[in-house]
Amino acid sequence: MSKGGAGKVYFILYLAVLLELLIIIVERDDAEEAAQRRLREIERNRKKVQLIAETIINALRGSQTSVSSTSNQQMVLGDEKEADGREFLVKVRVSDPIRDSVNDLSLAIYKNGGKMDSILMGRDTVMFPRVQTGQDYIFRYKFKPTYGEGEYALRFHARTNQVVGVAPGASKDDTVKIGAVRLTVGDLLEVKDGITENVQLRGFIDSLLGAQYENFSTNLGMNEFTVNVKRKEAKVFDQLAVYPQLSDFNSFPTLDLPNLMRIEGAESRGVSIAKLEGPGEFVKIDTFWYWKYTPNAGEVGQTYTVKYRGSANRGGGAKDVGQGQFSVTVKGMQPVDPLTYFPADSIDGKVEVTPYTKVPFKINGKYQDLNGTYRINLTLDGSLYKTINEPTYEFTPVFGEMEGKKLGVEILFRSQFMNEFVTLKKDEFTIDPPAFNATFPKAFYVGDAPTVSFKAGYGIDGYYSEIGTDLNITSDGGVFESKGSKKDGFVYGVRVIKNPNGIDKKGKEVSVTISDPNTGRSTTKIIRFYPKRGK
């Protein structure tokens with residue numbers, strides 16, 4: 001081999017080695033750059049998780065429901081200036097006045113430590129008017145010392161919607177609200193996966209994603225003040241005055257409702273009351289006088305006048321005598337809502353009530369003109385499930401757990417002067433599973449988009465709940481694919497994979513069965529296939 005030929009060979013070998021070194025250097029640089037990109041991505045995700053976690057914590061710290069009312073008060077029984085009661089203002093503050101609202105405001109009245117009454121202020125805008133000023137909802141309430149002298153505690157409880165989560169199975173694009181902050185379900189899941197040491201924050205996120213947010217302390221607020229009610233100092237020979245708590249009294253068959261008698265000008269312990277005319281009788285319990293009467297059903301619609309005379313027995317002559325009267329109307333027991341329960345249907349004059357799982361069961365136990373304290377006892381298969389100290393209640397029977405159980409409802413009542421509750425109504429119903437419903441198109445034209453959209457869910461009109469899975473599809477001749485894919489909410493889609501035989505201008509009917517793979521519940525629909533449009 002010539003010298004020139006050998007030099008060329010060495011030069012070519014040199015170039016090959018140099019090229020190999022360049023490839024190694026480039027691959028090393030690419031690997032280092034990829035590692036750097038991965039580190040930067042991890043750092044961005046870490047900062048994002050930290051930022052969202054801090055946002056949640058800061059929002060929780062600054063969004064507590066604030067309830068304020070007034071300072072302690074003193075009142076005197078029989079003060080003419082406050083015959084209609086003394087007005088108090090109750091202020092409920094929220095963090096976001098545009099999106100937040102007061103879902104409920106209740107008042108519990110205690111006298112000398114014992115609970116006397118419970119009032120739902122948030123549901124009655126006539127008796128308890130309110131205005132919104134800035135971040136505050138201001139409610140007006142007039143207090144009357146109905147139960148005589150003593151120390152009254154007025155305890156207000158507010159519930160707001162400053163924190164609103166989602167139900168289980170919500171999509172990652174659904175949002176939750178924490179005060180003025182809004183986050184997606186995806187954001188919360190990312191935070192939960194990115195934190196390990198903060199157990200409290202993980203539990204809070206689980207509650208937001210599991211519809212367990214209503215009783216968060218952020219949504220609740222309470223305030224209390226006392227009103228010390230004293231009796232007028234009675235002078236020995238002040239004029240005796242005896243008047244009823246209600247001058248127009250309503251009585252009801254089977255209910256022993258008392259009318260409290262007010263006494264002024266003398267000590268009640270030395271006063272006696274005698275009936276002059278009308279039904280019922282006057283009785284003394286402790287130091288208080290009451291008129292009591294239990295009419296029968298045949299007296300409904302009757303109005304009576306009760307006349308009476310009070311005597312102070314002090315030796316004060318005419319000043320020891322006080323007379324008066326009041327009217328009594330006997331009314332029938334009429335519910336405020338003719339259909340006490342929902343869901344309920346009136347068929348040929350007969351009311352049929354059926355509770356369903358997944359559907360809110362509503363109870364309205366209030367009766368017309370019957371004012372006092374109501375209570376609802378719920379039982380499941382004869383065992384007490386819950387006691388509600390209100391005339392109305394709503395709950396949703398648990399799907400997959402309560403079907404077939406007996407739901408008992410007992411509505412009880414106690415007037416402000418009764419010692420015990422009495423039963424007004426008692427019923428029992430069987431809880432049924434919700435109907436599986438689907439709305440399927442009635443027609444399909446060959447050549448249209450091959451995916452057919454339909455809706456499916458559990459429940460009744462106006463109260464449907466989503467199905468958290470794809471659905472099984474069975475059709476005549478295998479016209480549709482075997483799976484209905486969940487799109488969003490109640491909307492599903494299923495593809496047409498082949499056209500049925502025998503399609504003419506009149507169309508070809510195809511039976512389609514839609515079923516839930518988790519429960520086995522199904523429904524069948526008919527869709528008619530037509531030739532291409534214009535054919």
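Shown above is the structure to which this text applies.
Basis of the calculations
Residues numbered from 1 in each chain as written. Predicted model: local features only at pLDDT ≥ 70, side-chain atom pairs only at ≥ 80, totals over all residues. Heavy atoms only, no water. Helix = DSSP H or I, 4+ residues; strand = E, 2+ residues; numbered from the N terminus. Buried < 20%, exposed > 50% of the residue type's maximum accessible area, 1.4 Å probe, protein only. Areas by Shrake-Rupley, 256 points an atom, 1.4 Å probe, with all protein chains shown as cover. Pairing = 2+ DSSP bridges. Phe/Tyr/Trp six-rings, centres within 6.5 Å; stacked < 30°, edge-to-face > 60°. Core = buried A, V, L, I, M, F, W, Y, C linked by side-chain atoms within 4.5 Å. Contact = heavy atoms within 4.5 Å. Arc of directions from axis to C-beta. Polar contact = N/O pair within 3.5 Å; in protein donor to acceptor, adjacent residues only side chain to side chain. Salt bridge = Lys/Arg side-chain N within 4 Å of Asp/Glu carboxyl O.

1. Here we look at the overall build of the chain
Consideration 1: Helix and strand counts for the chain come out as three helices and 38 strands.
Consideration 2: Here the chain, with 535 residues, has 37% of them falling under the buried criterion.
Consideration 3: For the chain, the exposed area adds up to about 29,900 Å²; of that, 49% sits on carbon and sulfur atoms.

2. Overview of the sheet that holds strand E27 (residues 392-395)
Whenever strands of a sheet pair, they do so through backbone hydrogen bonds, lying parallel or antiparallel.
Consideration 1: Overall, antiparallel pairing links the three strands, which are arranged E21-E24-E27 in an open sheet. Strand pairing shows two members of the sheet lacking a second neighbour, strand E21 (341-342) and E27, which therefore form its edges.
Consideration 2: Relative to E27, strand E24 (residues 361-364) runs antiparallel, the two being bridged by four bridges. Bridging from a neighbouring strand, Phe361 pairs with Phe395 of E27.

3. Focus: the pairing of strand E18 (residues 288-293)
Consideration 1: Bridge analysis of strand E15 (residues 257-264) against E18 gives five bridges, and the strand direction is antiparallel. Looking at the pairing, Leu260 lines up with Tyr290 of E18.
Consideration 2: Sheet analysis places strand E17 (residues 281-285) next to E18, joined by five bridges and oriented antiparallel. Following the sheet pairing, Glu281 is matched in E18 by Lys292.
Consideration 3: Where E17 folds back onto E18 in an antiparallel hairpin, the turn is made up of two residues, including Asp286, whose phi is positive at roughly 60°.

4. Digging into the packing of aromatic side chains
Consideration 1: Across all of its chains, the model carries 27 aromatic pairs by this definition.
Consideration 2: Consider the rings of Phe440 and Phe480, whose centres lie 5.8 Å apart with planes at 85°: the pair is edge-to-face. Highlighted residues: Phe440 in the loop between strand E30 (436-439) and strand E31 (443-445) and Phe480 in the loop between strand E34 (471-475) and strand E35 (483-488), separated in sequence by 40 residues.
Consideration 3: Plain terms: the ring middles of Phe454 and Tyr492 are 5.7 Å apart, the flat faces sit at 20° to each other, and that makes the pair stacked. Of this pair, Phe454 sits in strand E32 (residues 451-460) while Tyr492 sits in strand E36 (residues 491-495), and the two are 38 residues apart along the sequence.
Consideration 4: Note on Phe454: relative accessible area 2%, which makes it buried.

5. Overview of the nonpolar core
Nonpolar side chains tend to gather and get buried jointly when the protein is soluble and globular.
Consideration 1: Ranked by internal contacts, the top residues of the largest apolar core, which has 44 residues, are Phe282, Phe326, Phe361, Leu370 and Val409.
Consideration 2: Setting aside anything within four residues of it in sequence, one finds Val409 in contact with Tyr341, Phe361, Ile363, Ile376, Asn377, Leu378, Lys425, Lys426, Asp427 and Phe429.
Consideration 3: Counting residues in hydrophobic clusters, the runner-up holds 26 residues, among them Val90, Leu105, Ile119 and Ala158.

6. Re helix H2 (residues 185-194)
Consideration 1: Turning to H2, its buried residues number three or more, namely Val185, Asp187, Leu188 and Val191. Down the axis of H2, the smallest arc covering the buried residues is 160°, so these residues share one side.

7. Quick notes on the pairing of strand E37 (residues 508-515)
Consideration 1: Here E34 pairs with E37 via four bridges, running antiparallel. Across the sheet, residue Ser475 finds its bridge partner in E37, namely Val512.
Consideration 2: Relative to strand E38 (residues 522-530), E37 is paired through eight bridges, and the arrangement is antiparallel. Residue pairing across strands places Ser511 opposite Ile526, the latter belonging to E38.

8. Some words on the side chain of Ser118
Consideration 1: The topology assignment puts Ser118 in strand E5 (residues 114-120).
Consideration 2: By relative accessible area, which is 18% here, Ser118 ends up buried.
Consideration 3: One polar contact links Ser118 to Glu390, side chain to side chain, over a distance of 3.4 Å.
Consideration 4: Residue contacts for Ser118: discarding those within four places in its chain leaves Leu107, Ala108, Thr373, Asn389 and Glu390.

9. Side note on the environment of Ile503
Consideration 1: Mapped onto the secondary structure, Ile503 falls in the loop between E36 and E37.
Consideration 2: A residue is classified by how much of its surface remains accessible, and Ile503, at 25% relative accessible area, is partly exposed.
Consideration 3: Other than its neighbours up to four places away in sequence, Ile503 contacts Val446, Lys508, Phe529, Tyr530 and Pro531.

10. Quick look at unusual backbone geometry
Consideration 1: In this model, Phe342 is joined to Pro343 through a cis peptide bond whose omega is 5°.
Consideration 2: Examined against the element boundaries, Pro343 turns out to sit in the loop between E21 and strand E22 (344-347).
Consideration 3: Residues other than glycine seldom take positive phi values, yet Asn112 does so here, at roughly 50°.
Consideration 4: Position of Asn112 relative to the elements: it lies in the loop between strand E4 (102-111) and E5.

11. Points about the environment of Gln162
Consideration 1: Position of Gln162 relative to the elements: it lies in the loop between strand E8 (150-160) and strand E9 (163-164).
Consideration 2: Each C-alpha atom of the pair Gln162 and Pro97 lies 9.7 Å from the other, and the pair is 65 residues apart in sequence.

12. Brief notes about the pattern of salt bridges
Consideration 1: Under the counting rule described, the total for this entry stands at 15 salt bridges.
Consideration 2: Between Glu277 and Lys307 there is a salt bridge, and its shortest N-O distance comes to 3.9 Å. One end of the pair, Glu277, is in strand E16 (residues 272-277); the other, Lys307, is in strand E19 (residues 303-311), and 30 residues separate them in sequence.
Consideration 3: The closest approach of N and O atoms between Lys331 and Asp369, which form a salt bridge, is 2.9 Å. Remark: Asp369 occurs in the loop between E24 and strand E25 (373-380) and Lys331 occurs in the loop between strand E20 (321-330) and E21; sequence separation between them is 38 residues.
Consideration 4: For Lys331, a relative accessible area of 26% puts it in the partly exposed group.
Consideration 5: Of the residues examined, Asp369 reaches a relative accessible area of 38% and is grouped as partly exposed.

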